Amino acid sequence: PYTEIIPVKLAKVKEVPQNDVGIAQFQAKNYDLAARQFHEALGTAKTLPKIKPRDLAGINHNIGIACEFGGHWPQALAWYQQAIALYPDAQYTQSINRCKQRETDRQELANQGK
């Protein structure tokens, strides 16, 4: 076993306080709780009349990051794809590629055990 450090940048959306709670949960490595807070933040953000697509994409990306770090790679990939559909960003593309690679690595490790 080894530890891999993966730097990620979580989006901050000042109009949505639940997003800050999600960031705090993520930093505490409570990834499932972080994902729930980011879901709540997304619901709140969608009700704001002046929310920008970039901010919605950022929250979607935050959900994806929490899912990925929680080991839920298919869900993470779906959230990353939603983020990039809302606002194309190189960071989102990197997250998609990283998530696909992590799933490939997991499959290869599983095959080694057979």
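Structure shown above.
Note that the structure is a prediction, hence the values are computed from the model and not measured. Think of each chain on its own: its residues are numbered from 1, step by step along the sequence as written. pLDDT decides what is reported in this predicted model: residues at 70 or higher carry local features, side-chain atom pairs at 80 or more are listed and counted, and totals for whole chains, interfaces and linings draw on all residues regardless. Computation of side-chain values: all heavy atoms of the structure, hydrogens and water removed.

(A) Summary view of unusual backbone geometry. The phi torsion at Lys 29 lies on the positive side, around 65 degrees, for a residue other than glycine. Secondary structure is summarised from DSSP: a helix means a run of H or I of at least four residues, a strand means a run of E of at least two, and numbering begins at the N terminus for each. In this structure, Lys 29 sits in the loop between helix H1 (17-27) and helix H2 (31-47).

(B) Fine view of the environment of His 72. As for its position among the elements, His 72 is in the loop between helix H3 (53-69) and helix H4 (73-86). Remark: exposure states derive from per-residue accessible area (1.4 Å probe, protein chains only) relative to the maximum for the residue type, with buried under 20%, exposed over 50%, and partly exposed in between. With relative accessibility at 31%, the residue His 72 sits in the partly exposed group. On a C-alpha basis, the gap between His 72 and Glu 103 in space is 9.6 Å, while along the polypeptide they are 31 residues apart. Residues in contact with His 72, not counting those within four places in the same chain, are Asp 32 and Cys 67. Think of a polar contact as two N or O atoms within 3.5 Å of one another; within protein, one of them needs to be a possible hydrogen donor and the other a possible acceptor, and neighboring residues in sequence only count if both atoms come from side chains. Only 3.5 Å separates the side chain of His 72 from the backbone oxygen of Gly 70, close enough to count as a polar contact. Only heavy atoms enter the contact rule, under which two residues are in contact if any of them lie within 4.5 Å.

(C) Fine view of the pattern of salt bridges. The working definition used for a salt bridge is a side-chain nitrogen of Lys or Arg within 4 Å of a carboxyl oxygen of Asp or Glu. Applying the stated criterion across every chain yields a total of three salt bridges. The salt bridge involving Arg 98 is made with Glu 68; its shortest N-O contact spans 2.8 Å. With a gap of 30 residues between them, Arg 98 in helix H5 (residues 90-112) and Glu 68 in helix H3 connect regions that are remote in the sequence. A relative accessible area of 0% means that Glu 68 is categorised as buried. Linked by salt bridges that have partners in common, Glu 68, Arg 98 and Arg 102 make up one network.

(D) Representation of the environment of Ile 63 within the structure. In this structure, Ile 63 sits in helix H3. Owing to a relative accessible area of 0%, Ile 63 belongs among the buried residues under this scheme. In the structure, Ile 63 is positioned 50 residues away from Gly 113 in sequence and 31 Å away in space, judged by C-alpha atoms. Among all residues touching Ile 63, those that are not within four sequence positions of it are Ala 35, Phe 38, His 39, Leu 42 and Trp 79.

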